[in-house]
Amino acid sequence: PAEGEARLRARRRGSAGWEVLDEELPDLDGFTQEITLLLDALDHGTPHPLAGRSGRQTQEVLMAIFESSRRPGRVDLPLP
């Protein structure tokens, strides 16, 4: 967002308009957060959320959705 704009807004059911929810966000930018996650993974062996295994699982779910639309019916995971 541009300087001075809200980073997070939501329009909740029953509210009159948009609510600014910036105070609920951590005070880190995306780059700083990514570096922190990488250092934790390297120093402590913490699994990184963007690890290859996670990406492969996401891709498998996406391919199962595609396969289900191609031939309606149940698609078992893991895919062959």
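Residues numbered from 1 in each chain as written. Predicted model: local features only at pLDDT ≥ 70, side-chain atom pairs only at ≥ 80, totals over all residues. Heavy atoms only, no water.

1. Some details on the overall build of the protein chain
For the protein chain, the count of helices and strands is 2 helices and 2 strands. Each helix (α) and strand (β) of the protein chain, taken in turn from the N terminus, gives the series β-β-α-α. For 80 residues, the compact-globule formula gives about 12 Å, and the C-alpha radius of gyration of the protein chain, at 20 Å, lies well above that figure. Considering only C-alpha atoms, the protein chain reaches an extent of 50 × 45 × 20 Å along its principal axes. Counting over 80 residues, the protein chain shows a buried share of 8%. Taking the intrachain contacts of the protein chain between residues at least 6 apart in sequence as the baseline, contacts between residues at least 24 apart amount to 0%. Counting only carbon and sulfur atoms, one obtains 56% of the accessible surface of the protein chain, whose full area is about 7,100 Å². Taken together, the 10 basic and 14 acidic charged side chains of the protein chain have centroids lying 14 Å from each other. (Helix = DSSP H or I, 4+ residues; strand = E, 2+ residues; numbered from the N terminus. Rg over C-alpha atoms; globule rule 2.2 N^0.38 Å. Buried < 20%, exposed > 50% of the residue type's maximum accessible area, 1.4 Å probe, protein only. Contact = heavy atoms within 4.5 Å. Areas by Shrake-Rupley, 256 points an atom, 1.4 Å probe, with all protein chains shown as cover. Lys, Arg positive; Asp, Glu negative; His and termini not counted. Charge placed at Lys NZ, Arg CZ, Asp CG, Glu CD.)

2. A look at unusual backbone geometry
Following Leu-77, the chain continues to Pro-78 via a peptide bond in cis, the omega torsion being 0°. Structurally, Pro-78 is set in the segment after helix H2 (52-70).

3. Quick notes on a nonpolar patch on the surface
A cluster of nonpolar side chains, Phe-31, Ile-35, Leu-38, Leu-39 and Leu-42, forms an exposed patch at the surface whose accessible area comes to about 510 Å². For Phe-31, the location among the structural elements is in helix H1 (residues 30-44). The exposure class assigned to Phe-31 is exposed, which follows from its relative accessible area of 64%. (Patch = residues over 30% accessible without salt bridge, like charges linked within 9 Å, V, L, I, M, F, W, Y side chains within 5 Å. Salt bridge = Lys/Arg side-chain N within 4 Å of Asp/Glu carboxyl O.)

4. Regarding H1
In this model, H1 (15 residues) spans 21 Å end to end at C-alpha, consistent with the 21 Å of a helix rising 1.5 Å per residue. Once H1 ends, the next one or two residues include Gly-45, with phi positive near 75°. (Expected span 1.5 Å × (residues − 1).)

5. Concerning the pattern of salt bridges
It is possible for side chains bearing opposite charge to pair when their charged atoms get close. Following the criterion strictly, the structure yields 4 salt bridges and no others. Residues Arg-70 and Glu-67 are paired through a salt bridge, measuring 2.8 Å at the closest nitrogen-oxygen approach. Taken as a pair, Arg-70 and Glu-67 lie in helix H2 at a separation of 3 residues, close to a single helical turn. Where Arg-74 meets Asp-76, a salt bridge forms, and the shortest distance between an N and an O atom there is 2.6 Å. On the basis of relative accessibility, which here comes to 45%, the residue Asp-76 falls in the partly exposed class. Connected through shared salt-bridge partners, Glu-67, Arg-70 and Arg-71 make up one network.

6. Observations concerning the environment of Ala-2
Its location among the elements puts Ala-2 in the segment before strand E1 (9-10). Residue class for Ala-2 comes out partly exposed when judged on its relative accessible area of 43%. Separated by 35 residues in the primary sequence, Ala-2 and Leu-37 have C-alpha atoms spaced 26 Å apart.

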